[in-house]
Amino acid sequence: MDPKPDRIIQIPVTVQGGCASTKPSSGCGDSHGRKPGLPAHIQAKIQDHPCYSEEAHHHFARMHLAVAPACNIQCHYCNRKYDCSNESRPGVVSEVLKPAQAIHKALTVAASIPEMTVVGIAGPGDALANPTRTFATFRGIREQDPGIKLCLSTNGLALPQHVDELVALGVDHVTITINSIDPEIGARIHPWVLWERRRVFGREGARILISQQQKGLEMLVERGVLVKVNSVMIPGINDHHLKDVSRRVKEKGAFLHNVMPLISDPAHGTYFGLNGQRGPTEAELSALRDACEGDMNMMRHCRQCRADAVGMLGEDRGEAFSLARIDQDLPDYDAVRERRDQVQATIRERMAARKRQGGTVTSIPSAGSAAQPPARPVLMAVATKGGGLVNQHFGYAREFLIYKATPEGVRFEGHRRADLYCAGPEACNDRAQVLASTVRALEDCEVLLCARIGIEPWSVLEAAGIMPNGEHAMAPIEDAVMAVYREMMAAGRLDMAAEEATQCA
């Protein structure tokens, strides 16, 4: 029988660290993870963490170790699956590792991918529902290579009791998935939690989860740990409520808020997927992120990675590092560390040099003046292999980064997945279908920036109102986006008054 409604918990705000204490900043960094007034030690923590800095995600890699199979809550959007090499979403892995295997795999990847800076544990269950396995893995990596950042994702139910051990191990980046601060809403997302060796259902279970999440968040912030909050946007359930969540977690000192779209394909076997709960549209997701922006700096470059993802965000090299494929013997690890340190130092210097040179020219000072009429915003898609450059052939892109250009500057909006156009001769008959799918994915974009593009896709995209542009190959993405935006402005294509008149006609 459903118990009587619980009141919404109100937890006093006692922020002592994190972003909320870095006044006068109102957020937690600009699109590159930097903000005037942000303490130097925090900038140092995020400068090479691809999940905490948009700029870093162009240059540095991460890996997730799947050592935590058990979970202590049930989520209507989750179905933990194994041996699913073709699915890219949280909770999916190809193999669950024992701690010794995970440590060996982490060191092997560090030897093979010198850009890797972060090792995280994110499942496929919950890292802190498997504390023995999680902490044994972290300790082994810390002993072998203290230069690797350790990162953890959790639903937060067991977080308070493990904060001290996390801090002792040097885990200074923690992600908590918080989908509500109202037990009534929470019960519609999480039907039960496992608390004190029993399942607690409905609003009471949601109340316990929310209380533990808020307590754990406060404890981490008090100890100087950077906290990112993930929230799954579920239309009709918590979409409007997430603005309240964003305000609350900022008050508590969270560093970053990542609002992710619900993945609800029925083929995944989740409760929501099987019962027709839709995910948000791109427009709905963007509008919610914009609505939350004033209260909390928003993460827009999340890829909702697998629990065994390896490589740069936007790529997954995990299959190449399965236990069956990696060597049992490590190379000279002192040499590995030296090479990795050199590679990462070169990347940081390149990033710093760009900053010293003034970075990207991201505004048009005269916009909106008497000489220059107000200009409308433009969405542009970018094909990139990483490095923050327009450096990928259209045909080889599996995703496109989306940027919004306005007279005030360039902002990263997110990413759109795409099917591979150049998939080999055997896929020739599928190219028309792939192009049609890409056009649908990019239908609100006016420009597509890439290194190269063939005549056929160029013609199809142009006919759909998406202008391909290969003139800025190898240029920094934001420079290229703003350059094209200036060209459009000079050509009179951004006049808001003219655009409105055309639509009315």
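Residues numbered from 1 in each chain as written. Predicted model: local features only at pLDDT ≥ 70, side-chain atom pairs only at ≥ 80, totals over all residues. Heavy atoms only, no water.

**Some words on the overall build of the chain**
Selection criterion: Put simply, DSSP H or I for four residues or longer makes a helix, DSSP E for two residues or longer makes a strand, and each gets a number counted from the N terminus. Each residue is placed in one exposure class: buried if its accessible area under a 1.4 Å probe, protein chains only, is under 20% of its type's maximum, exposed if it is over 50%, and partly exposed if it falls in between. Contacts: residue pairs with any heavy atoms within 4.5 Å of one another. Per-residue accessibility takes into account occlusion by the displayed protein chains alone, with areas from the Shrake-Rupley method and a 1.4 Å probe.
The helix and strand inventory of the chain stands at 14 helices and 17 strands. For the chain, the residues scored as buried account for 54% of the 505 residues in total. A fraction of 73% describes how many contacts in the chain between residues 6 or more apart in sequence connect residues 24 or more apart. Here the chain displays about 21900 Å² of accessible surface, and carbon together with sulfur accounts for 51% of that area.

**Brief notes about the sheet that holds strand 9 (residues 198-201)**
For clarity, the threshold we go by: At least two DSSP bridges between two strands are required for those strands to pair. Interaxial angles span 0 to 180 degrees and are taken between N-to-C directions of axes, which are lines fitted to C-alpha atoms, for helices over the stretch in contact.
Pairing is antiparallel across the open sheet formed by three strands, whose spatial order is 2-8-9. With one partner strand each, in any of the chains shown, strand 2 (73-74) and strand 9 form the two edges of the open sheet. In the sheet, strand 8 (residues 192-195) pairs with strand 9 via four bridges, with the strands oriented antiparallel. Counterpart to Val-193 in the pairing with strand 9 is Val-200. With respect to the sheet, helix 6 (residues 202-222) is in contact with strand 2, strand 8 and strand 9, its orientation differing from that of strand 9 by roughly 105 degrees.

**Side note on the sheet that holds strand 14 (residues 399-406)**
Strand order in the open sheet made by the five strands is 15-14-13-16-17, with mixed pairing throughout. Only two strands of the sheet have a single neighbouring strand rather than two, namely strand 15 (409-417) and strand 17 (467-469). On average, each strand axis in the sheet is inclined to that of its neighbour by 25 degrees, with strand direction left out of account. Judged from the five bridges that link them, strand 13 (residues 378-382) and strand 14 form a sheet pairing that is antiparallel. Note that in strand 14 the partner of Met-380 across the bridge is Tyr-403.

**Section: the packing of aromatic side chains**
What counts is decided by this rule: Stacked, edge-to-face and tilted labels apply to pairs of Phe, Tyr and Trp rings (six-membered ring for Trp) whose centres lie within 6.5 Å, assigned for plane angles under 30 degrees, over 60, and everything in between, in that order. Remark: a charge is flagged as sitting over a ring if the NZ atom of Lys or the CZ atom of Arg is within 6 Å of the ring centre and within 35 degrees of the ring normal.
According to the stated counting rule, one finds four aromatic pairs in the structure shown. Consider the rings of Tyr-403 and Phe-412, whose centres lie 5.1 Å apart with planes at 65 degrees: the pair is edge-to-face. Across the ring face of Trp-192, the terminal group of Arg-199 is positioned such that the distance to the ring centre comes to 4.1 Å. When the ring centre of Tyr-421 is taken as origin, the NZ or CZ atom of Arg-431, which lies over that ring, is 5.0 Å away.

**Here we look at unusual backbone geometry**
Trans is the common state for peptide bonds, and a negative phi is the common state for residues other than glycine. A cis amide bond links Gly-123 with the next residue in sequence, Pro-124, at an omega value of 15 degrees. Relative to the elements of secondary structure, Pro-124 occurs in the loop between strand 5 (116-121) and helix 3 (131-144).

**Brief notes about the pairing of strand 7 (residues 173-177)**
Burial runs high along strand 7: four of the five residues are buried. Strand direction decides the pairing type here: strand 7 and strand 10 (residues 226-233), joined by five bridges, are parallel. Residue pairing across strands places Thr-175 opposite Lys-228, the latter belonging to strand 10.

**Some points on the packing of helix 2 (residues 99-112) against helix 3**
Worth spelling out the cut-off: Two helices cross in a left-handed way if the nearer one is turned anticlockwise from the farther one by less than a right angle. They cross in a right-handed way if the turn is clockwise.
Where helix 2 contacts helix 3, the two axes come as close as 9 Å, and the packing angle between them is 40 degrees. For the crossing formed where helix 2 meets helix 3, the hand is right-handed. Contacts between helix 2 and helix 3 involve Pro-99, Ala-102, Ile-103, Ala-106 and Leu-107 from the first element and Arg-133, Ala-136, Thr-137, Gly-140, Ile-141 and Gln-144 from the second.

**Side note on the pattern of salt bridges**
In plain terms, the rule: Salt bridges are defined as contacts in which a side-chain nitrogen from Lys or Arg sits within 4 Å of a carboxyl oxygen from Asp or Glu.
All told, the structure shown has 16 salt bridges when counted by the stated rule. The partner of Arg-340 in a salt bridge is Asp-145, with the nearest N and O atoms 2.6 Å apart. One end of the pair, Arg-340, is in helix 10 (residues 333-356); the other, Asp-145, is in the loop between helix 3 and strand 6 (149-154), and 195 residues separate them in sequence. On the basis of relative accessibility, which here comes to 3%, the residue Arg-340 falls in the buried class. Between Glu-446 and Arg-376 there is a salt bridge, with its nearest N and O atoms 2.5 Å apart.

**What about the side chain of Arg-203?**
The following threshold applies: What qualifies as a polar contact is a pair of N or O atoms within 3.5 Å, subject to a donor-acceptor requirement within protein and to the restriction that residues adjacent in sequence count only when both atoms come from side chains.
Take Arg-203: it is sitting in helix 6. Among the polar contacts made by the side chain of Arg-203, one reaches the side chain of Glu-184 at a distance of 3.5 Å.

**Topic: the pairing of strand 1 (residues 61-64)**
Burial along strand 1 is two-sided: Ala-61 and Met-63 and Arg-62 and His-64, pointing in opposite directions, are all buried. Here strand 1 runs beside strand 5; their pairing, made up of four bridges, is parallel. Note that in strand 5 the partner of Ala-61 across the bridge is Met-116.

**As for helix 13 (residues 477-490)**
Where we set the bar: To estimate the expected span of a helix, subtract one from its residue number and multiply by 1.5 Å.
The first and last C-alpha atoms of helix 13 sit 20 Å apart over 14 residues, in line with the 20 Å expected at 1.5 Å per residue. Listed as buried for helix 13 are Ile-477, Glu-478, Ala-480, Val-481, Met-482, Val-484, Tyr-485, Met-488 and Met-489. Looking one or two places after helix 13, you find Gly-492, whose phi comes out positive at around 75 degrees.

**Section: the environment of Gly-156**
The residue Gly-156 is located in the loop between strand 6 and helix 4 (163-168) in this model. Along the sequence, Gly-156 and Thr-175 sit 19 residues apart, while their C-alpha atoms lie 8.8 Å from each other. Excluding anything up to four places from it in sequence, Gly-156 contacts Ile-176, Gln-212 and Gln-213.

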